[in-house]
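# Fold and contact review
One letter stands for each residue in the lines below.
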Amino acid sequence: MNKLMSMTFAVFGLAGALFAGGGAENSSAAGPVPITFYRGGISLDWENDPIVRELEKKANVDLTFVTAPWSENGAKINLMLSTGEAVDIITTVGNIPKWRQEGAIVALDDYIAVDTHPYIYKIVNSQTFSPMKIDGKAWAIPQPPLGVAWGTMVRKDWLDAAGLDLPTDEKELYEVLKAFVEMDSTGTTTGFQFEGSNQIRRTTIPIMAMFGVPSSFWDQHVNFDIRDGKLTHIAVMDNTKAALEYMNMLYNEGLINHDFPSMNSFPKLTEKYLLSGKAGMGWVIAPFTSQAAQLKKSFPDSEVTLLMPLAAEGYEFRRAQGIMMQGTAVVTSASKAPQAAVDLLEFLNSLEGRKLMVAGIEGVHWRSFSEDGYFDRIEENWNYSGLYYDLNFYLGQGNSEGYVPAADYATFEEAYANSIPFVPLRMKDEVNVKTEYEHGKLWFGDPNPVQFVQFPEENDLKNAISQAIVEGWTKCIAAKPGEFEAAWEAHQTELRRVGLERWVKLYQDYYDNNIK
């Protein structure tokens, strides 16, 4: 087997149908069903991996895993689908309308039922994801992570030194950021580290939320304020203008790093500011504990905490909208066993499958699991480098260190809201993935009923609006003193020029005809 090229790993199999709730038993008299599964970034020795062996045993599978480096993931997927390569399942697929039109993937509807495939059935038929259907059929399984574990890290030791508490409104936030900057006599410290370029959508979330803007981590082009059935795009809201004007004030007083427009790399930004002791506050990705530990290596006395939701005077705090989706999983038209492929994907999202793919083998890697997701790991037998098994994600789900109990709730939305992160018992009293996701829920998760409504024929319009938002927000924040109003008006003019009114009408019509 050629491990130097595509790192293809042969393992084995899948039974026909799974039991309700996604469990599987070795019930196929004909033996394991051969399934070829593509997932990018595999680095494990799958041929000798005990968890793969256990997956084979539990699901009665005969798998061949195919992979490619993440840098080549898109090209590899496109090649496999366009050439009809003999692959049954491909994950992290993007352009579903294209592959459906070209006949490269199969509709899932004939292979799923709510009693035998509760996860897949409920997610593809959910209010959130059903707009992804084409001609009334589901062609892909969305891959959301278990939640959003981002947050705004704050230097608590700096707060304490300034005699201040976490801010609760825009005035207190200003005073905190000003105090952070004034602590450094060299003038090289910023208050709030900001990203730029396309990442401005996420770095602005705490302040947008403070001014009541239903922004988004991912896709501002489909973010609307919906009141009494009317959709107003967030880019034209008075709340958005107020939030940008506040950020412009922070920028001009040196409380936001002035190089943010060119900062399109989160690791570089954090290394330059927060982790170098040059920012008192920053939007960061979990695990927060690892970044706090990095900070302590350079600054042993440092202490951090997380910013809690706050509201500007006269405004109501609003969480960011929508749900993250990390591509999709598809069954290809080249598959000789589409039912078996769908059954495997369901098993991988069942409670039994999630325990295996996150925590490992019962009796080997863990002794017990509590109902709320804490497991007693057998540390001496855990021979993997990470806290969780390397392939706990992108096998029909996004970053998912736990379980979505689809079988226990009527809708996917209810099940997702009651997701159960898995955490080693020894970490129960520490900051862990469960507490990080709980913090994330404070900032993210307001529903966006049109998030996944697609108009493929208007892709150029979508891109133009997205770019206008990125550039317009950047210019508003970085406007010179006294020039904010002109920057805002220029932003509004550009939105009108590229066709925002037509874009809003598309979604308003969809909402009126399908949701209202």
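So, here is what we can say about the structure in this document. Since the structure is predicted, the reported quantities are computational estimates derived from the model, not experimental observations.

Once that is clear, we can look at the overall build of the chain. Helix and strand counts for the chain come out as 18 helices and 20 strands. In terms of overall dimensions, the chain is globule-like: its C-alpha atoms have a radius of gyration of 24 Å, near the 24 Å expected for 516 residues. Along the three orthogonal principal directions, the C-alpha set of the chain runs to about 75 × 55 × 45 Å. With 516 residues in all, the chain has 57% of them scored as buried. Looking at the chain as shown, the accessible area adds up to about 21600 Å², and 50% of this sits on carbon and sulfur atoms.

Summarising the element assignment, M183 is placed in the loop between α6 (170–182) and β8 (190–193). Along the sequence, M183 and N381 sit 198 residues apart, while their C-alpha atoms lie 48 Å from each other. Ignoring any residue separated from it by four or fewer positions in sequence, one finds M183 in contact with W158, A161 and A162.

Further remarks concern helix α18 (residues 500–514). When the terminal C-alpha atoms of α18 are compared, their 21 Å separation across 15 residues agrees well with the 21 Å that a helix rising 1.5 Å per residue should span. Along α18, the residues classified as buried are L500, W503, V504, Y507, Q508 and Y511. Taken down its axis, α18 places every buried residue within 130° of arc, on the same side. Opposite its buried face, α18 presents the exposed residues E501, K505, N513 and N514, each directed more than 90 degrees away.

A separate point is the packing of aromatic side chains. By convention here, two paired aromatic rings are described through the distance between centres and the angle between planes. The full count for this structure, using the stated rule, is 30 aromatic pairs. Geometrically, the ring pair formed by F393 and Y394 is edge-to-face, given 4.7 Å between the ring centres and 75° between the ring planes. Judged by its relative accessible area of 14%, Y394 is buried. A network of ring pairs unites the aromatic residues W150, F217, W218, F266, W283 and F444 as a single cluster. The positively charged end of R39 is found above the aromatic ring belonging to F393, 4.7 Å away from the centroid. Over the ring of W382 we find R377, and its NZ or CZ is 3.9 Å from the ring centre.

It is worth spelling out the pattern of salt bridges at this point. Enumeration according to the criterion identifies 21 salt bridges in this entry. The shortest N-O distance in the salt bridge between K156 and D160 comes to 3.1 Å. With K156 and D160 both in helix α5 (residues 156–162) and four residues apart, the pair spans about one turn of that helix. You can call K156 partly exposed: its relative accessible area is 35%. For R318, the salt bridge goes to D225, with nearest N and O atoms at 2.7 Å. With a gap of 93 residues between them, R318 in the loop between β12 (304–306) and β13 (320–321) and D225 in strand β9 (residues 224–227) connect regions that are remote in the sequence.

Another point: the sheet that holds β8. Spatially, four strands are ordered β8-β11-β7-β12 in an open sheet, and the strand pairing comes out mixed. In this open sheet, the two edge strands, each paired with only one partner strand, are β8 and β12. Across the sheet, the axes of successive neighbouring strands diverge by a mean angle of 25°, strand direction being ignored. In the sheet, β8 pairs with strand β11 (residues 279–285) via three bridges, with the strands oriented parallel. Bridged to F192 within β11 is M281. Running over the sheet, helix α11 (residues 288–298) touches β7 (150–155), β11 and β12 and is turned about 30° from β7.

A contiguous patch of negative charge on the surface is contributed by D165, E172, E175 and E182. With respect to the secondary-structure elements, E172 resides in helix α6. Of the residues examined, E172 reaches a relative accessible area of 34% and is grouped as partly exposed.

Another aspect to go through is the side chain of Q397. Assignment of secondary structure puts Q397 in the loop between β16 (374–377) and β17 (402–403). Separated by 3.3 Å, the side chains of Q397 and N349 make a polar contact. Aside from chain neighbours lying at most four places away, what touches Q397 is Q143, P144, L348, N349, R354 and N392.

As a further point, take the sheet that holds β16. Reading across from one edge, β15-β16-β19 is the order of the three strands in this open sheet, with mixed pairing throughout. Two strands close off the open sheet at either side, each with one partner strand: β15 (366–369) and β19 (423–424). Bridge count for β15 against β16 is two bridges, and the pairing is antiparallel. Its bridge partner being in β16, F369 is matched across the sheet by F375. Packed onto the sheet, helix α13 (residues 351–359) meets β15 and β16 and runs at close to 135° relative to β15.

Rules of the game
- Residues numbered from 1 in each chain as written.
- Predicted model: local features only at pLDDT ≥ 70, side-chain atom pairs only at ≥ 80, totals over all residues.
- Heavy atoms only, no water.
- Helix = DSSP H or I, 4+ residues; strand = E, 2+ residues; numbered from the N terminus.
- Rg over C-alpha atoms; globule rule 2.2 N^0.38 Å.
- Buried < 20%, exposed > 50% of the residue type's maximum accessible area, 1.4 Å probe, protein only.
- Areas by Shrake-Rupley, 256 points an atom, 1.4 Å probe, with all protein chains shown as cover.
- Contact = heavy atoms within 4.5 Å.
- Expected span 1.5 Å × (residues − 1).
- Arc of directions from axis to C-beta.
- Phe/Tyr/Trp six-rings, centres within 6.5 Å; stacked < 30°, edge-to-face > 60°.
- Lys NZ or Arg CZ within 6 Å of the ring centre and 35° of its normal.
- Salt bridge = Lys/Arg side-chain N within 4 Å of Asp/Glu carboxyl O.
- Pairing = 2+ DSSP bridges.
- Axes fitted to C-alpha atoms, helices over the stretch in contact; angles between N-to-C directions.
- Patch = residues over 30% accessible without salt bridge, like charges linked within 9 Å, V, L, I, M, F, W, Y side chains within 5 Å.
- Lys, Arg positive; Asp, Glu negative; His and termini not counted.
- Charge placed at Lys NZ, Arg CZ, Asp CG, Glu CD.
- Polar contact = N/O pair within 3.5 Å; in protein donor to acceptor, adjacent residues only side chain to side chain.

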